[in-house]
Amino acid sequence: MVIFKKVADLQQYLATPGQTIGFVPTLGALHKGHISLIDIAKKANDIVVCSIFVNPTQFNDKADFEKYPITVDADIAMLIESGCDVLFLPSVDEVYPGGSSLSQTYDFGYLDTILEGAQRPGHFKGVGQVVGRLLEIVKPQYLYLGQKDYQQCMVLTKLIELMGWGNKTKLIICPTVREADGLAMSSRNRRLTDPQRLLAATIYQCLVSIQGKQTTDNFSTVQKECMDLLRSKGFEPEYVALATAKDLTLLNDYDTSHPMIALIAAKLGDVRLIDNMLLN
Ligand code: PAJ
């Protein structure tokens, strides 16, 4: 694997015409969920580029940014093992040579007003800014993202549209990789204490129950059961929501005429966890 810290060096390396580039952007602290994206990208591209960049502009919570785990040596070892071809490991100045104030912003409209957009003001502006910049640097044919961050996938679909890159870069949404008890893998999981880790899969259990009760119960009943269960285990739930899978229109009740998705965000101690499940 070749590691680049400078945009110019990376672009020189990627300049050979005719090769397809698959791109996996990350914040690092890699786990098997991230590696699954590399594996999927490897099957369909000549070159797989992974980026590790803890983007300061997408952290609306300063403490979350400061506590974000940094494990670069272990990340590099995992990427080599996975067969990733290129790691882009830039500094903040390299990504934002003109400063990181949000110069280039995109308007994600409705998507930025609900769920993660409502709970984390400014977060998606920062995600759009950094992914827009990374796409301009890497110019991949395929961008690989995890369903784990479903709303982010929708926002970045819109970003590609707003950039007018629909013919250049195709977004591929990859399945969520889970621990044996159902907990979605996340870099933040390593900040859970042992007792918290034992409780963390409650979020997954709630999603399974929302999925399982769609023909027997009202969503509001199941939603309340989930909120109560999460609170009883010590979580502070932010939302337990149901939406259309296509455009994240929030639903008050199950509507089997649309593909639906259930989404949960909850804090356990000071660790914020999110997960979702398509209902079908
Ligand atoms: P990060 O949280 O590091 O995630 C990088 C990619 O890995 C995202 O597309 C995310 O959805 C995916 N991912 C995370 N956990 C996963 C899991 N358990 N199974 C499958 N995929 C998983 O998301 C970001 O970074 C940033 O916002 C980024 C897009 C890099 C912009 O800074």
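Residues numbered from 1 in each chain as written. Predicted model: local features only at pLDDT ≥ 70, side-chain atom pairs only at ≥ 80, totals over all residues. Heavy atoms only, no water.

**Points about the packing of aromatic side chains**
Scanning all chains against the criterion turns up seven aromatic pairs. Three or more aromatic residues link up through ring pairs in this structure, and these residues are Phe59, Phe65 and Tyr68. (Phe/Tyr/Trp six-rings, centres within 6.5 Å; stacked < 30°, edge-to-face > 60°.)

**Brief notes about the sheet that holds strand 6 (residues 170-174)**
An order of 1-4-3-2-5-6 is seen for the six strands of this open sheet, with the pairing classed as parallel. In the strand order of this sheet, the two ends are held by strand 1 (2-4) and strand 6, each with one partner. Within this sheet the neighbouring strands show an average axis-to-axis angle of 25°, counted without direction. Relative to strand 4 (residues 86-88), strand 1 is paired through three bridges, and the arrangement is parallel. Within strand 4, the position partnered with isoleucine 3 by the bridge is leucine 87. Packing of helix 4 (residues 72-82) onto the sheet brings it into contact with strand 1, strand 3 (47-52) and strand 4, and relative to strand 3 it is tilted by some 170°. (Pairing = 2+ DSSP bridges. Helix = DSSP H or I, 4+ residues; strand = E, 2+ residues; numbered from the N terminus. Axes fitted to C-alpha atoms, helices over the stretch in contact; angles between N-to-C directions. Contact = heavy atoms within 4.5 Å.)

**Some remarks on the packing of helix 2 (residues 32-44) against helix 4**
The relative placement of two packed helices is expressed as an angle between their axes plus a distance between the axes. Close contact between helix 2 and helix 4 brings their axes to 10 Å; oriented N to C, the two are set at 30°. For the pair helix 2 and helix 4, the crossing hand works out as right-handed. From helix 2, Lys32, Ile35, Ile38, Asp39 and Lys42 reach across to helix 4, where they touch Met78, Leu79 and Ser82. Considered class by class, the residues forming the contact of helix 2 with helix 4 number four nonpolar, one polar and three charged. (Left-handed = near helix turned anticlockwise from the far one by under 90°. Nonpolar A, V, L, I, M, F, W, Y, C, P; charged D, E, K, R; others polar.)

**A closer look at empty space enclosed by the protein**
Scanning the model with the defined rule gives one cavity of 30 Å³ or more in all. There is about 70 Å³ of room inside the largest cavity. In this structure, the largest cavity is lined by 13 residues; those nearest its centre are Leu183, Ala184, Leu273, Ile274 and Asp275. Put simply, the parts of the chain that give the lining of the largest cavity at least two residues each are helix 10 (202-212) and strand 9 (271-279). Looking at the lining of the largest cavity, the element that brings in the most residues is strand 9, giving three residues. Here the residues of the lining of the largest cavity are counted per class, giving eight nonpolar, three polar and two charged. (1 Å grid on protein atoms, 1.4 Å probe; cavity = no way out; pocket = protein on both sides within 12 Å on 5 of 7 lines; lining within 4 Å. Points joined across faces, edges and corners; volume = space filled by probe spheres on them.)

**A closer look at helix 4**
Side chains three or four residues apart in an α-helix point the same way, a direct result of the helix having 3.6 residues per turn. Along helix 4, the residues classified as buried are Asp75, Ile76, Leu79 and Ser82. Here the buried residues of helix 4 occupy an arc of 125° about the axis, which is enough to place them on one side. Exposed and facing more than 90 degrees away from the buried side of helix 4 are Asp73, Ile80 and Glu81. Tucked into the core, helix 4 has its buried residues touching strand 1, helix 2, strand 3 and strand 4. Immediately beyond the C-terminal end of helix 4, within one or two residues, lies glycine 83, with a positive phi of roughly 90°. (Buried < 20%, exposed > 50% of the residue type's maximum accessible area, 1.4 Å probe, protein only. Arc of directions from axis to C-beta.)

**Quick notes on the site of the ligand**
Gln58, Asp149, Gln152, Val177 and Met185 are the nearest of the 19 residues found near the ligand. A distance of 2.7 Å is found between an oxygen atom of the ligand and a side-chain nitrogen or oxygen belonging to glutamine 152. One nitrogen or oxygen atom from the main chain of methionine 185 is found 2.9 Å from a nitrogen atom belonging to the ligand. For the ligand, whose free accessible area comes to 630 Å², the fraction covered by protein is 96%. Looking at the shell around the ligand, the elements that each hand over two or more residues are strand 2 (21-26), helix 2, helix 7 (123-138) and strand 5 (142-146). Class assignment for the residues of the shell around the ligand results in nine nonpolar, eight polar and two charged. (Near = heavy atom within 4 Å. Polar contact = N/O pair within 3.5 Å; in protein donor to acceptor, adjacent residues only side chain to side chain. Areas by Shrake-Rupley, 256 points an atom, 1.4 Å probe, with all protein chains shown as cover.)

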